[in-house]
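Descriptive analysis of the structure
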Amino acid sequence: MISGYLRKDGRKGIRNVTIVAYLVECAHHVARRIVDKADSPDVHLIGFPGCYPNAYANRVMEAIATHPNVGGVVLVSLGCESFDRNALAETVRASGRPVELLVIQEVGGTAATIANGLAAVDRVRAAATDVPRAEMALSELVIATICGGSDGTSGITANPAVGRAFDRFVSAGATCIFEETGELVGCETIMADRAITPELGAEIEACVRKAERYYTVMGFGSFAPGNAEGGLTTQEEKSMGAYSKSGSSPISGIIKPGDVPPAGGLYLLDVVPDGEPRFGFPNISDNAEIVELIACGAHLTLFTTGRGSVVGSAVSPVIKICANPETARRMAADMDIDAGRILEDKATLGQVGDEIFDRVVAVASGERSVSEELGHHEFILTYKAFEPIGPACLPVRNTGARA
Amino acid sequence: MTGRSRLILLHEDDNVFVVVSPIEAGDALMIGGGTVPAREGITVGHKIARRALGPGDKVIKYGAPIGSMTADAEPGDWIHMHNMKSDYIAAHSRGAGGDAL
């Protein structure tokens, strides 16, 4: 049984991380030095680099600062940026977590803020140790999936194996989230057929159309040169492989970054901004997507890779599932699960799906994932704009599922 | 390598196979009940034609269209960016340049 950290809002976490958050790039160095000097696997750096205000960035920062895996927060502001530091500090305080705010221009510069920040981290960590522990059922887990560095093996081994694990978790009442509508271009009609209502199916098709249009304006699909070197030729081919991560459960809803699913089930995260393209590519790299999944409450992320990605994440553990047997041998020390064995007849999809399921339970129970052990705590957040989801997007909420 | 097949068929409707262990030029590929010599080396994860394909033909993988042919291919030929394209958004390779405009 998983022993969770019980937060005052009733949600439970699988980690008790202290985050140090810079509120503009100008405070990044100071915040990073505080985290480096704290030198703990449970003190993580997050932040937003922009000086201009952005509602999306505010929402994601608030969602992450009050994420169930977070025990306490130290905010580092330069002083003149537009991020509303007091509102964020108040939101964290209202959630029952210890929070401290340092303003570099008031504290008196780099060295003084690093010293004060380190002391603040110690106080916050000490206060965060008091959080009660509580049994956590599988149905309380929120599990996300993403693929990065995909190749022609991803859609045959690791992705469908994650789909098998997702099917088991959804059956157990857990919440599973898949994403990147730009990597679902070409799958929209088969995906819409899995929606729990026809109206949701229409929303799914609309959100993939939005992604296709957005990426067309950008001039590039969600497709990297390494994808082609690994045997993937087109966006829709990559999409078909990526889509198999979602498994075969019915799709219960569409969410946007910062929306926490209202009940167990399978959800699609729409990561492509609304309106006219304004701030560039929807997600400039894989970690930007992981941050959004965490903002939707993900306790951990299943990351499949064929070419061999090494990233982890701040706040929520990343479990690495390697699709390609050659990569799995070359980068064995970065992978939790070798799904490439499926191609060499050494394991079946079902067996690897079960291994992924067991690994999720172990990591949720406190075992460190490989990327955690290696100290990977990447975090990136940039500008975006979203409209709230429409009424057809969450039929579960409308029928009054989980309160 | 073991004697297992170098190719897998993901769906019976597919007109391409996926390479699951490396192929070298001249290797005998078992296709459609006969064998064809591989024209070139092909690495894991790539596709080869299951049957003859021509420009405009849909390439089917996972039982679904994943793009269209832009050139002819014989059974056993490598299928990639040189002879097929997306029906949605063009893919890019390294050296495509940073400016999409």
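So, a few notes on the structure that sits alongside this text. (Residues numbered from 1 in each chain as written. Chains lettered and ligands numbered in written order. Predicted model: local features only at pLDDT ≥ 70, side-chain atom pairs only at ≥ 80, totals over all residues.)

Of the regular secondary structure elements, chain B holds zero helices and nine strands. Going residue by residue from the N terminus, the α and β elements of chain B occur as β-β-β-β-β-β-β-β-β. Residues classed as buried in chain B amount to 33% of the 101 residues present. (Helix = DSSP H or I, 4+ residues; strand = E, 2+ residues; numbered from the N terminus. Buried ≥ 20, exposed ≤ 12 C-beta atoms within 10 Å, placed from the backbone.)

Residue and element names in this part refer to chain A. Where helix H1 (residues 28-38) meets helix H5 (residues 110-128), the closest approach of the two axes is 9 Å, and the angle between their N-to-C directions is 45 degrees. Judged by the inter-axis angle, H1 sits oblique to H5. As H1 runs across H5, the sense of the crossing is right-handed. Every residue of H5 that contacts H1 at Val30, Arg33, Ile34, Lys37 and Ala38 is listed here: Thr110, Thr113, Ile114, Gly117, Leu118 and Val121. Here the residues of the contact of H1 with H5 are counted per class, giving six nonpolar, three polar and two charged. (Axes fitted to C-alpha atoms, helices over the stretch in contact; angles between N-to-C directions. Parallel < 35°, antiparallel > 145°, perpendicular 65-115°, else oblique. Left-handed = near helix turned anticlockwise from the far one by under 90°. Contact = placed C-beta atoms within 7 Å. Nonpolar A, V, L, I, M, F, W, Y, C, P; charged D, E, K, R; others polar.)

What follows is about H5(A). In an α-helix, one turn spans 3.6 residues, which is why side chains three or four residues apart end up on the same side. All names here are of chain A. In this model H5 runs 26 Å from its N-terminal to its C-terminal C-alpha over 19 residues, within 8% of the 27 Å that 1.5 Å per residue would give. Restricting attention to buried positions, one finds in H5 the residues Thr113, Ile114, Gly117, Ala120, Val121, Val124 and Arg125. When H5 is viewed along its axis, its buried side chains cluster within an angular range of 130 degrees and face the same direction. Turned more than 90 degrees away from the buried face of H5, the exposed residues are Ala111 and Ala126. (Expected span 1.5 Å × (residues − 1). Arc of directions from axis to C-beta.)

A word on the interface of chain B and chain A. Contact with chain B, which involves 27 residues of that partner, is made by 29 residues of chain A. The biggest single contributor to the side of chain B that touches chain A is strand S7 (residues 64-69) of chain B, with three residues.

Residues and elements named next belong to chain A. Structurally, the position occupied by Ala128 is in helix H5. Looking at Ala128, the number of C-beta atoms within 10 Å reads 19, which means it is partly exposed. Considering only alpha carbons, one finds Ala128 and Asp354, 226 residues apart in sequence, at a separation of 34 Å. Those residues within four positions of Ala128 in sequence are excluded, and the remaining contacts are Asn16, Thr18, Gly71, Gly72 and Pro98.

With that out of the way, let us pick up the sheet that holds strand S5 (residues 70-77) of chain A. Residue and element names in this part refer to chain A. Judged by pairing direction, the sheet is parallel, and its four strands sit side by side in the order S4-S3-S5-S6 without closing on themselves. Lying at the two open borders of the sheet, with one neighbouring strand each, are strand S4 (43-47) and strand S6 (99-103). Adjacent strand axes in the sheet meet at a mean angle of 20 degrees when their direction is disregarded. Bridge analysis of strand S3 (residues 17-22) against S5 gives six bridges, and the strand direction is parallel. The residue bridging Tyr22 from the neighbouring strand is Val76, located in S5. Most of the contacts of helix H2 (residues 55-65) go to S3, to which it runs at about 155 degrees, and overall it touches S3, S4 and S5. (Pairing = 2+ DSSP bridges.)

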